[in-house]
Amino acid sequence: MGTGILTIDLDAIAANWRALAALSRAQTGAVVKADGYGCGAALVAKRLAREGARRFFVATAEEGAQLRIALGDGPEINIFSGHMAGDTAAIRDHALIPMLNSPEQAARHRSALPGHAYGVQLDTGMNRLGMEAPEWAATRADLEAGPLTLIMSHLACADAPDHPLNAAQLAAFIAMTGGVSAPRSFAATGGILLGPDYHFDLTRPGVGLYGGAPFDAARAVVTLSLPVVQIRDVAPGETVGYAASFTANRTTKIATLSAGYADGLIRYMSGKARLFAGGTACPLAGRVSMDLLTVDVTDLADIPTHLDILCAQQGVDALADVAGTIGYEILTSLGGRYQRAYIGA
């Protein structure tokens, strides 16, 4: 059984970074967590480092250690999850910078690695990670003594520009960080698009680099082409797939493709998604199974060797709408069985 080919355009990622950097009015970093949103953190980060990115962000120390091996010395690698109990060796050996999220993490870091750089994450209203205002007030003087490299927070509703929580979080961030000497970072992709009031000293775009909303001007980054394993004719009244959820109402040509929910093609898109042969849409016929899709290709003039599910006609956010999810999940779910092909310098 063949596997799909996931093509990743590094030039498009670089172009998206340049465009967001031009909007930022600040130093621009890059978020490459979750293996670069499924696109390959090592190659993405190397490409962005060539563009001028010097500050990278990942979720965990394990991701940071892998990225350091890829990037070598020089670029700054920041860890959103901070300094967990088992992270000390990785932080030390790979020169990682934890974003400390609590007084407990601060105490752990200062005790285990005195003199090692760190950042601080503040909670301004998302109630997820970061120190709340009283915790920050109690530790601020000690933490500002350094070596403190960054103070950051994260917007909960940046994708909804008119949401009142954006302004409330901005006010909280300004109040909590007034007079600090360390650089400040508040905006990811959505925050960049909210305007310069949200930019501060460093922006850290994530999903917009990879072609996702809310950065509507982004260049598409990924194409996913799935091989046809078998073609069969299905008579009127016959059914296709698990639970017999598709019934042919005419003589129907069904292509069985090599990909399924084990490869990140979410089962909820069963009976709803479309695949493309060039510009021609072909409907998914029946359920997404673990390894296979069945697609109605009756109206195609030629028997296809493959069909595309991510392409110019259907980007990650369009597919996410069909699947009842968001582009982030589509990107980060793309499975390890795909052959990955890179284009661009």
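Residues numbered from 1 in each chain as written. Predicted model: local features only at pLDDT ≥ 70, side-chain atom pairs only at ≥ 80, totals over all residues. Heavy atoms only, no water.

> It is not clear to me how the layout of surface pockets should be interpreted in this structure. Could you clarify?
To find the voids left in a structure, one rolls a probe of water-molecule size over its atoms. Estimates place the volume of the largest pocket at around 570 Å³. If you trace the largest pocket, you find 33 residues lining it, with Lys 33, Arg 128, His 154, Leu 155 and Ala 188 closest to the centre. Its residues placed into classes, the lining of the largest pocket shows 17 nonpolar, 11 polar and 5 charged. (1 Å grid on protein atoms, 1.4 Å probe; cavity = no way out; pocket = protein on both sides within 12 Å on 5 of 7 lines; lining within 4 Å. Points joined across faces, edges and corners; volume = space filled by probe spheres on them. Nonpolar A, V, L, I, M, F, W, Y, C, P; charged D, E, K, R; others polar.)

> When you look at the environment of Glu 51 in this model, what are you seeing that I'm missing?
Position of Glu 51 relative to the elements: it lies in helix H3 (residues 41–51). Of the residues examined, Glu 51 reaches a relative accessible area of 23% and is grouped as partly exposed. Those residues within four positions of Glu 51 in sequence are excluded, and the remaining contacts are Ala 14, Trp 17 and Arg 18. (Helix = DSSP H or I, 4+ residues; strand = E, 2+ residues; numbered from the N terminus. Buried < 20%, exposed > 50% of the residue type's maximum accessible area, 1.4 Å probe, protein only. Contact = heavy atoms within 4.5 Å.)

> What is the right way to look at the nonpolar core in this model?
Counting 73 residues, the largest nonpolar core has Phe 56, Leu 226 and Met 269 as the members making the most contacts within it. Setting aside residues no more than four positions away along its own chain, Met 269 makes contact with Leu 284, Val 288, Ile 309, Leu 319, Val 322 and Ala 323. Among the nonpolar cores identified, the runner-up in size contains 20 residues, and Val 120, Ile 151, Leu 170 and Phe 186 belong to it. (Core = buried A, V, L, I, M, F, W, Y, C linked by side-chain atoms within 4.5 Å.)

> Explain the sheet that holds strand S10 (residues 202–203) to me, please; I cannot follow it from the model alone.
One key point about sheets: their strands pair by backbone hydrogen bonds, in either a parallel or an antiparallel sense. Pairing within the open sheet is parallel, and its 9 strands lie in the order S2-S10-S9-S8-S7-S6-S5-S4-S3. Whereas interior strands pair on both sides, the edge strands pair on one side only; in this sheet they are strand S2 (27–28) and strand S3 (30–31). In the sheet, strand S4 (residues 55–58) pairs with strand S5 (residues 76–79) via 4 bridges, with the strands oriented parallel. Residue pairing across strands places Arg 55 opposite Glu 76, the latter belonging to S5. (Pairing = 2+ DSSP bridges.)

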